[in-house]
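# Commentary on secondary and tertiary structure
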Amino acid sequence: MSEATPHYLKDGTTIRSWLLTVDHKRIAILYLVSVLVGLLLGGIFAMALRLELLTPGPTIMDALTYNRMFTLHGVTMIFLFMIPAIPSVFGNFFLPIMLGAKDVAFPKLNLLSWYLYVIGAALALWGMIHGGADTGWTFYTPYSTTTPTKVIPILLGAFVIGFSSILTGLNFIVSIHTLRAPGLKWTRLPLFLWSLYGTAVIQILATPVLGLVLLLVAAENAFGFGLFDPARGGDPVMFQHLFWFYSHPAVYIMVLPAMGVISETISTFSRKNIFGYRMVAFSSLGIAFVGFFTWGHHLFVSGQSTFNAGAFGILSMFVGVFTAIKVFNWVATLYKGAISFKTPFAYICGFLYFLVFGGMTGVAVATVSLDVHWHDTYFVVAHFHFIMVGAVMMAFLAGLHYWFPKMFGKTYHEGWGLVAASLIVLGFNATFIPQFLLGNAGMPRRYYAYQEQFQALNVASTAGATLLLFGFVIIAIYLVLAFRFGAPAGDNPWGSRGFEWTTASPPLTENFPGEVEITGTPYDYQENAPSLRITPEVVRGS
Amino acid sequence: MHGQRRYWVVWIALLALTATTYGMSRVDLGGHWNLVVALVIAVAKASLVVLFFMHLWDAKGTNRLVFIVSIFFVLLLIAGVVGDMATRFPLARPPEASGLQGAEPPGPGRDTVHGSQNERVR
Amino acid sequence: MEARLAHHFRAIETQRQAERFGMWLFLATEVLLFAGLFCGYTLYRFLYPETFHAASAHLDATLGTVNTVVLISSSLTVALAHHFAHQGRSRVAGVLLFVSVAAGLAFLGIKAVEYGHKFEEGLLPGRYFHNEHLKAPGASMFFTVYFLTTGLHAFHVIIGMGVLTWIGVRAWRREFHENHNIPVELAGLYWHLVDLVWIFLYPLLYLV
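Residues numbered from 1 in each chain as written. Chains lettered and ligands numbered in written order. Predicted model: local features only at pLDDT ≥ 70, side-chain atom pairs only at ≥ 80, totals over all residues. Heavy atoms only, no water.

### Observations concerning the overall build of chain A
- For chain A, the helix and strand inventory stands at 16 helices and 2 strands.
- On C-alpha atoms alone, chain A measures out to a radius of gyration of 23 Å, which is about the 24 Å that the 2.2 N^0.38 rule sets for 542 residues.
- Projected onto its principal axes, the C-alpha positions of chain A cover 70 × 50 × 45 Å.
- Relative to its 542 residues, chain A shows a buried fraction of 62%.
- Restricting to contacts in chain A with at least 6 residues of sequence separation, those with at least 24 account for 81%.
- Within the structure as shown, chain A displays about 19100 Å² of accessible surface, and the carbon and sulfur contribution to it stands at 71%. (Helix = DSSP H or I, 4+ residues; strand = E, 2+ residues; numbered from the N terminus. Rg over C-alpha atoms; globule rule 2.2 N^0.38 Å. Buried < 20%, exposed > 50% of the residue type's maximum accessible area, 1.4 Å probe, protein only. Contact = heavy atoms within 4.5 Å. Areas by Shrake-Rupley, 256 points an atom, 1.4 Å probe, with all protein chains shown as cover.)

Encoded structure:
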């Protein structure tokens with residue numbers, strides 16, 4: 001490894017070298033900056049909502065603004081942060097490295113996917129600046145097709161971002177099939193890659209359906225085509241079918257990569273082989289597949305037939321089985337492991353707790369008779385925030401803290417890391433547990449005003465949100481400081497057996513200084529010999 | 001690599017199938033049979049295009065799997081949506097839909113409290 | 001010109017397989033894109049079977065059949081183009097690709113004529129529907145579905161024509177031969193998909 005070879009951050013320092021890069025690692029950093037802006041925006045909208053909900057009546061905004069605010073919060077959080085965050089940041093950065101490859105299969109398509117993200121985000125933001133939509137991020141017809149608010153740019157923005165997601169998934173599947181280094185059998189593939197594979201299958205199959213239905217709503221809103229208009233013989237519930245056919249599997253686009261991060265980190269921080277590797281890998285594909293059979297559970301009270309409701313209710317239970325398989329395997333991995341309670345591990349603990357409880361409430365709302373009571377109340381809001389913020393966000397933060405030394409070559413302050421993690425877990429509980437109680441007591445969601453008796457719990461929830469906010473601010477501060485002034489991190493500060501830890505911190509542009517051969521699994525802590533071997537570059541024929 | 005003859009043969013077959021489907025559509029087969037026949041012929045034509053023009057006949061298993069899986073999910077979507085409409089409580093259907101005239105809803109609950117199911121809800 | 005092995009692929013054959021696989025995945029997304037419209041068609045046909053049958057009679061089945069023959073034949077020329085490119089006869093492949101583009105243009109021309117007729121007769125989607133003879137519930141829905149599906153399809157024909165023109169120009173410049181012809185193959189796959197969608201649209205809209 002020559003000292004003169006710059007690592008990927010220093011290999012070209014002009015703006016042009018960043019904006020026209022085809023290096024998957026730089027594209028990952030471009031995505032990181034972009035999704036963090038999305039997270040910031042979504043967080044601002046969330047705080048605005050929580051401030052408004054401090055009092056039963058108007059607090060800081062009027063009803064129309066409130067409706068716009070929760071629409072923007074949903075659209076921004078889901079399309080600009082949750083869907084792309086883990087795959088397009090950590091997936092892009094580490095998938096090729098974990099394959100022992102130099103890049104993804106189609107590096108230029110990768111760059112295109114980022115530009116599509118930016119264009120889509122800009123379109124959606126343009127709509128927001130001009131007042132935004134008040135339909136909710138779910139754009140239900142007939143309101144979305146008749147509202148005069150600026151729903152069309154937001155629909156088009158989401159449509160364009162969908163293509164970004166499709167290209168990422170396409171790139172990942174082809175890469176995993178065709179770029180595995182010699183010796184990297186499917187049974188040695190890192191579990192993060194198995195989870196990305198499942199995610200990519202969903203991105204390919206489900207996203208186009210969303211793309212079409214968003215276009216149809218935009219067309220009907222603009223031109224009055226009437227595909228969902230009952231006055232013309234249309235069925236507004238068909239919109240919900242088409243919408244949720246994507247949007248339910250979409251939650252697995254968010255959760256599967258998160259689970260993949262947990263598989264990687266849980267093995268490292270218990271210094272133990274992952275328990276039940278094959279079952280964990282298989283369950284990633286299982287979730288991706290079965291997730292497509294459950295969309296009707298969002299339509300339980302929409303006018304869908306009771307037959308469909310019953311069928312979808314039963315099918316929805318099956319997804320829980322695969323998630324449970326993973327949870328049991330993770331816990332078994334921890335058992336008798338040599339636990340290293342660092343910041344990533346704090347987030348792992350948060351993840352397990354939130355996934356289990358959020359998941360159980362998912363099984364609860366998938367029960368038709370119970371959902372009749374809870375649908376469109378804060379119970380559902382709390383359920384999905386437990387999974388989205390609780391599980392997925394914890395995993396994102398775990399991945400960020402785990403891979404930060406590798407991506408930037410710097411160390412962050414461990415003490416502040418644990419402080420922030422504690423604030424976030426605490427703040428999260430304080431924000432969303434009251435919402436379960438509110439929903440069960442009957443407070444509807446997306447309501448600007450509420451009854452007096454709900455105020456105490458709402459105030460508690462807003463207080464919790466403030467704690468969450470402090471936690472995030474602390475993370476932002478120490479990570480930026482670490483990026484600028486942190487102590488250099490070694491190649492493998494956690495002592496992990498993962499393949500990515502055999503590279504330099506930060507990695508070279510070419511990832512590896514020679515030809516890679518895989519000789520073991522990424523989780524074998526009994527073994528002393530390295531599982532990834534590099535031989536110096538040999539002149540290749542064409 | 002095989003000669004170009006294969007493509008010409010498939011082309012003739014496609015033209016013949018097109019003529020057939022056009023001809024069959026001029027004949028009233030009663031009930032839904034016209035639709036069934038048309039779909040069967042369309043599937044045959046599509047299979048020829050996919051297998052021979054698009055080379056799936058001599059392609060790798062993964063490419064075949066990708067195509068088959070995509071078709072499966074299209075059918076899943078359609079089955080879920082049409083299945084919903086076919087099994088709905090009558091008052092939840094579009095009121096003028098002739099396609100469900102006379103069909104009894106399965107499962108529980110004709111709403112006898114609010115009158116006969118033929119009453120238009122206004 | 002030779003095929004260039006990208007630095008991250010280990011062998012040229014792997015690169016070709018990856019490109020082919022990538023195109024099939026992209027075609028899967030196109031199939032799922034049209035799925036929503038086929039779903040809408042099926043649902044509304046299920047609800048208004050007689051109206052859809054009657055409305056279908058207002059489409060010109062002759063023009064539809066001609067268009068079907070045009071597209072099928074253009075699929076033949078595209079398949080032959082790849083065949084000749086593989087044999088090293090790149091210029092012939094280029095000509096065949098241009099013929100396919102011309103077929104696409106003919107297809108669009110015929111569709112434009114058909115759309116013109118629909119405008120005259122008031123057989124338009126949604127709130128623009130104003131035909132005197134077809135008043136049953138669901139009539140305007142047939143034409144909403146008709147315009148949305150054929151419109152989205154025509155959009156893909158235009159994109160396909162663009163792709164075939166670009167590859168055709170490269171073929172005319174003698175770029176392709178036995179060891180380098182995958183761009184022709186991939187462009188062909190896209191065009192065949194456009195043909196596939198029409199193979200289903202034609203009977204569903206025009207014949208039943």
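Having put the structure on the table, let's press on.
### Details of the overall build of chain C
- For chain C, the count of helices and strands is 6 helices and 0 strands.
- Of the regular secondary structure in chain C, the N- to C-terminal order runs α-α-α-α-α-α.
- Its C-alpha atoms give chain C principal-axis dimensions of roughly 60 × 30 × 25 Å.
- Among the 208 residues that make up chain C, the fraction classed as buried is 67%.
- A separation threshold of at least 6 residues defines the contact pool for chain C, and within that pool the share at least 24 residues apart is 77%.
- Total accessible area computed for chain C in this model is approximately 7200 Å², and 65% of it derives from carbon and sulfur atoms.
- Put simply, chain C has 14 plus and 14 minus side-chain charges, and the middle of one group is 8 Å from the middle of the other. (Lys, Arg positive; Asp, Glu negative; His and termini not counted. Charge placed at Lys NZ, Arg CZ, Asp CG, Glu CD.)

### Some points on the packing of aromatic side chains
All names here are of chain A.
- Following the criterion strictly, the structure yields 71 aromatic pairs over all chains and no others.
- Considering the side-chain rings of Phe93 and Phe94, the 4.7 Å spacing of their centres and the 45° angle between planes classify their relative orientation as tilted. In this structure, Phe93 and Phe94 share a single accessibility class: buried.
- The interplanar angle of 45° and the centroid separation of 5.3 Å between the aromatic rings of Phe192 and Trp403 together place this pair among those described as tilted. Of this pair, Phe192 sits in helix H8 (residues 191–223) while Trp403 sits in helix H14 (residues 378–408), and the two are 211 residues apart along the sequence.
- Here the aromatic cluster, defined as three or more aromatic residues joined through ring pairs, consists of Tyr8, Phe81, Phe90, Phe93, Phe94, Phe192, Phe269, Phe396, Tyr402, Trp403, Trp494 and Trp501.
- A cation over an aromatic ring shows up here: Arg26 above the ring of Trp18, its NZ or CZ 4.2 Å from the ring centre. (Phe/Tyr/Trp six-rings, centres within 6.5 Å; stacked < 30°, edge-to-face > 60°. Lys NZ or Arg CZ within 6 Å of the ring centre and 35° of its normal.)

### Notes on the interface of chain C and chain B
- Tallying the contact residues gives 50 residues for chain C and 49 residues for chain B.
- In total, about 4300 Å² of surface goes out of reach between chain C and chain B, with carbon and sulfur atoms giving 81% of it.
- Counting across the interface, chain C meets chain B through 0 salt bridges.
- Taken together, the connections running from chain C to chain B amount to 2 residue pairs in polar contact (both at pLDDT 80 or more).
- Looking at the side of chain C that touches chain B, the elements that each hand over two or more residues are helix H1 (12–47), helix H2 (49–56), helix H3 (61–86) and helix H6 (182–207) of chain C.
- Residue classes in the side of chain C that touches chain B are distributed as 34 nonpolar, 12 polar and 4 charged. (Buried area = accessible area lost by both parts, 1.4 Å probe. Salt bridge = Lys/Arg side-chain N within 4 Å of Asp/Glu carboxyl O. Polar contact = N/O pair within 3.5 Å; in protein donor to acceptor, adjacent residues only side chain to side chain. Nonpolar A, V, L, I, M, F, W, Y, C, P; charged D, E, K, R; others polar.)

### A word on the pattern of salt bridges
- Counting across every chain of the model gives 9 salt bridges over all chains.
- A salt bridge links C:Glu13 to C:Arg16; its shortest N-O distance comes to 3.0 Å. Taken as a pair, C:Glu13 and C:Arg16 lie in helix H1 at a separation of 3 residues, close to a single helical turn.
- If you follow the salt bridges from partner to partner, you end up with A:Asp235, B:Asp84 and B:Arg88 in one network.

### Notes on the interface of chain A and chain C
- At the interface, 39 residues of chain A touch 34 residues of chain C.
- Where chain A touches chain C, the interface holds 0 salt bridges.
- Here chain A and chain C share 11 residue pairs in polar contact (both at pLDDT 80 or more) between them.
- Those elements that provide at least two residues to the side of chain A that touches chain C are helix H7 (151–178), H8 and helix H9 (236–269) of chain A.
- Among the elements that make up the side of chain A that touches chain C, the one with the highest residue count is H8(A) (8 residues).
- Broken down by class, the residue content of the side of chain A that touches chain C amounts to 24 nonpolar, 7 polar and 8 charged.

### Here's the deal with a nonpolar patch on the surface
Residue and element names in this part refer to chain B.
- A contiguous nonpolar patch, built from Met24, Val27, Leu29, Trp33, Val36 and Val40 and spanning about 520 Å² of accessible area, is present on the exposed surface.
- Ranked by residue count, the leading element in the nonpolar patch is helix H2 (residues 33–53), at 3 residues.
- The exposure class of Val40 is exposed, given its relative accessible area of 53%. (Patch = residues over 30% accessible without salt bridge, like charges linked within 9 Å, V, L, I, M, F, W, Y side chains within 5 Å.)

### Structural notes on the side chain of A:Asp371
Residues and elements named next belong to chain A.
- Tracing the backbone through its elements, the reader meets Asp371 in helix H13 (residues 368–374).
- Here Asp371 sits buried without a salt bridge, and the closest side chain of opposite charge, Arg445, lies 8.7 Å off (N-O distance).
- Each residue touching Asp371, except ones within four places of it in the same chain, is listed here: His297, Phe300, Val365 and Val380.

### Quick look at H1(C)
All names here are of chain C.
- The terminal C-alpha atoms of H1, which comprises 36 residues, lie 53 Å apart, in line with the 52 Å expected from a rise of 1.5 Å per residue.
- Of all the bends in H1, the largest measures some 30° and sits at Ala35.
- With 27 of its 36 residues buried, H1 lies for the most part within the structure. (Expected span 1.5 Å × (residues − 1). Bend = angle between axes of the 7 residues up to and from the residue.)

### Focus on the packing of H8(A) against H9(A)
All names here are of chain A.
- Across the interface, H8 lies against H9 with an axial gap of 8 Å and an inter-helix angle of 160°. It follows that H8 is roughly antiparallel to H9 by the angle criterion. Where H8 crosses over H9, the two elements pack in a sense that is left-handed.
- Class assignment for the residues of the contact of H8 with H9 results in 20 nonpolar, 8 polar and 1 charged. (Axes fitted to C-alpha atoms, helices over the stretch in contact; angles between N-to-C directions. Parallel < 35°, antiparallel > 145°, perpendicular 65-115°, else oblique. Left-handed = near helix turned anticlockwise from the far one by under 90°.)

### Section: the environment of A:Gly234
- Structurally, A:Gly234 is set in the loop between H8 and H9.
- Apart from the residues lying within four places of it in its own chain, the contact partners of A:Gly234 are A:Leu227, A:Phe228, A:Asp229, C:Tyr44 and C:Met141.

### Examining unusual backbone geometry
- Look at the link from A:Thr141 to A:Pro142: it is a cis peptide, with omega at 0°.
- In this structure, A:Pro142 sits in the loop between helix H5 (107–129) and helix H6 (143–146).
- Even without glycine at this site, A:Arg271 takes up a positive phi of about 45°.
- Relative to the helices and strands, A:Arg271 resides in the loop between H9 and helix H10 (277–290).
- One non-glycine residue, B:His55, lies in the positive phi region at around 65°.
- Considering the arrangement of structural elements, one finds B:His55 in the loop between H2 and helix H3 (61–86).

### Remarks on the packing of helix H4 (residues 85–99) of chain A against H9(A)
All names here are of chain A.
- Where H4 contacts H9, the axes come no closer than 11 Å and their chain directions differ by 50°. By the angle between their axes, H4 is oblique relative to H9. When the axes of H4 and H9 are compared, the crossing they make is left-handed. Two secondary-structure elements touch here, H4 through Ile86, Pro87 and Met98 and H9 through Pro257, Ala258, Val261 and Glu264.
- Among the residues forming the contact of H4 with H9, the class breakdown is 6 nonpolar, no polar and 1 charged.

### Section: the confidence of the model for chain A
- Put simply, chain A has an average pLDDT of 95, and 98% of its residues get 70 or more.
- For chain A, the element scoring lowest by mean pLDDT is strand E2 (residues 532–536) of chain A, at 85; H4(A) scores highest, at 98. (pLDDT = per-residue confidence, 0-100.)

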